[in-house]
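Listed below are the residues making up each chain.
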Amino acid sequence: MLAHPTKRVLQAFATLDNDADFQEILSWLQDCKDQVSTDGFYVKDEYQARWHQGAGQVITEFLEKARTARDSLRKS
(Lines give C-alpha, C1' and ligand atoms only; values in the text may rest on other atoms or scores of the structure.)
Protein backbone atom coordinates (compact mmCIF):
# COMPACT_ATOMS: atom_id res chain seq x y z
CA MET A 1 0.00 0.00 0.00
CA LEU A 2 2.14 2.89 1.25
CA ALA A 3 5.88 2.87 0.69
CA HIS A 4 8.07 2.40 3.74
CA PRO A 5 8.73 5.89 5.15
CA THR A 6 12.24 7.25 4.98
CA LYS A 7 14.08 8.22 8.13
CA ARG A 8 13.28 11.87 7.35
CA VAL A 9 9.56 11.09 7.11
CA LEU A 10 9.70 9.21 10.42
CA GLN A 11 11.47 12.21 11.99
CA ALA A 12 8.75 14.50 10.66
CA PHE A 13 6.06 12.24 12.12
CA ALA A 14 7.89 12.16 15.46
CA THR A 15 8.22 15.95 15.48
CA LEU A 16 4.55 16.40 14.67
CA ASP A 17 3.52 13.98 17.42
CA ASN A 18 3.16 16.83 19.94
CA ASP A 19 1.57 19.28 17.52
CA ALA A 20 -2.09 19.90 18.40
CA ASP A 21 -3.00 20.67 14.78
CA PHE A 22 -1.47 17.40 13.59
CA GLN A 23 -3.32 15.53 16.33
CA GLU A 24 -6.53 17.10 15.01
CA ILE A 25 -5.71 15.78 11.54
CA LEU A 26 -5.02 12.30 12.94
CA SER A 27 -8.32 12.41 14.79
CA TRP A 28 -10.09 13.39 11.57
CA LEU A 29 -8.39 10.54 9.71
CA GLN A 30 -9.51 8.11 12.43
CA ASP A 31 -13.08 9.39 12.01
CA CYS A 32 -12.76 8.94 8.23
CA LYS A 33 -11.48 5.39 8.71
CA ASP A 34 -14.41 4.60 10.99
CA GLN A 35 -16.86 6.06 8.46
CA VAL A 36 -15.31 4.14 5.56
CA SER A 37 -15.57 0.98 7.61
CA THR A 38 -19.20 1.60 8.54
CA ASP A 39 -20.14 2.55 4.97
CA GLY A 40 -18.42 -0.61 3.72
CA PHE A 41 -20.82 -2.77 5.71
CA TYR A 42 -23.70 -1.60 3.55
CA VAL A 43 -22.09 -1.60 0.11
CA LYS A 44 -23.50 -4.25 -2.20
CA ASP A 45 -21.35 -3.58 -5.26
CA GLU A 46 -18.16 -5.67 -5.18
CA TYR A 47 -16.00 -2.88 -6.62
CA GLN A 48 -17.29 -0.34 -4.12
CA ALA A 49 -16.69 -2.83 -1.30
CA ARG A 50 -13.09 -3.28 -2.43
CA TRP A 51 -12.67 0.49 -2.70
CA HIS A 52 -13.85 0.90 0.89
CA GLN A 53 -11.54 -1.89 2.02
CA GLY A 54 -8.53 -0.33 0.28
CA ALA A 55 -9.30 3.13 1.59
CA GLY A 56 -9.57 1.78 5.12
CA GLN A 57 -6.26 -0.06 4.75
CA VAL A 58 -4.40 3.03 3.55
CA ILE A 59 -5.79 5.24 6.30
CA THR A 60 -4.99 2.58 8.90
CA GLU A 61 -1.45 2.23 7.58
CA PHE A 62 -0.90 6.00 7.64
CA LEU A 63 -2.18 6.26 11.21
CA GLU A 64 0.00 3.34 12.30
CA LYS A 65 3.13 4.86 10.74
CA ALA A 66 2.40 8.17 12.46
CA ARG A 67 1.79 6.44 15.79
CA THR A 68 4.94 4.28 15.70
CA ALA A 69 7.39 6.77 14.17
CA ARG A 70 9.39 7.36 17.36
CA ASP A 71 9.77 3.63 18.04
CA SER A 72 10.81 3.02 14.43
CA LEU A 73 13.49 5.71 14.71
CA ARG A 74 14.84 4.22 17.92
CA LYS A 75 15.12 0.80 16.28
CA SER A 76 17.01 2.09 13.24
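A quick note: this is a predicted structure, and the numbers were derived from the prediction, not measured.

(A) Spotlight on the overall build of the protein chain. In terms of regular secondary structure, the protein chain is built from 4 helices and 0 strands. Counting from the amino terminus, the protein chain carries its helices and strands in the arrangement α-α-α-α. A globule of 76 residues ought to have a C-alpha radius of gyration of about 11 Å, yet the protein chain, at 14 Å, is considerably larger. Seen through its C-alpha atoms, the protein chain measures out along the principal axes to roughly 45 × 25 × 15 Å. Put simply, the protein chain has 76 residues, and 24% of those count as buried. Just so you have it, the protein chain exposes about 5800 Å², and 54% of that area is on carbon and sulfur atoms. Averaging the positions of the 10 positive and the 12 negative side-chain charges in the protein chain gives two centres separated by 9 Å.

(B) Fine view of the packing of aromatic side chains. By the definition in use, this model includes 2 aromatic pairs. Where F13 meets F22, the ring centres are 6.1 Å apart and the plane angle is 45 degrees; that geometry is what we call tilted. The class for F22 is buried, based on a relative accessible area of 9%. Plain terms: the ring middles of F13 and F62 are 5.3 Å apart, the flat faces sit at 75 degrees to each other, and that makes the pair edge-to-face. A residue pair is termed long-range when its members are at least 10 positions apart, and F13 in helix 1 (residues 7-16) and F62 in helix 3 (residues 46-67) qualify at 49 residues. When its relative accessible area of 29% is taken as the criterion, F62 is described as partly exposed. Following the ring pairs from residue to residue traces out a cluster consisting of F13, F22 and F62.

(C) Representation of the nonpolar core. Core analysis: the biggest nonpolar cluster contains 9 residues, these being L10, F13, F22, L26, L29, I59, L63, A66 and A69. Going through the elements one at a time, helix 1, helix 2 (20-41) and helix 3 are the ones with two or more residues in this core. Setting aside anything within four residues of it in sequence, one finds A66 in contact with F13, F22 and L26.

(D) Quick look at a negative patch on the surface. Where like charges cluster on the molecular surface, the negative patch consists of D21, E24, D31 and D34. Looking at where D21 falls in the secondary structure, it is placed in helix 2.

The rules we used
- Residues numbered from 1 in each chain as written.
- Predicted model: local features only at pLDDT ≥ 70, side-chain atom pairs only at ≥ 80, totals over all residues.
- Heavy atoms only, no water.
- Helix = DSSP H or I, 4+ residues; strand = E, 2+ residues; numbered from the N terminus.
- Rg over C-alpha atoms; globule rule 2.2 N^0.38 Å.
- Buried < 20%, exposed > 50% of the residue type's maximum accessible area, 1.4 Å probe, protein only.
- Areas by Shrake-Rupley, 256 points an atom, 1.4 Å probe, with all protein chains shown as cover.
- Lys, Arg positive; Asp, Glu negative; His and termini not counted.
- Charge placed at Lys NZ, Arg CZ, Asp CG, Glu CD.
- Phe/Tyr/Trp six-rings, centres within 6.5 Å; stacked < 30°, edge-to-face > 60°.
- Core = buried A, V, L, I, M, F, W, Y, C linked by side-chain atoms within 4.5 Å.
- Contact = heavy atoms within 4.5 Å.
- Patch = residues over 30% accessible without salt bridge, like charges linked within 9 Å, V, L, I, M, F, W, Y side chains within 5 Å.
- Salt bridge = Lys/Arg side-chain N within 4 Å of Asp/Glu carboxyl O.

Keep in mind these numbers describe shape, not what the thing actually does.
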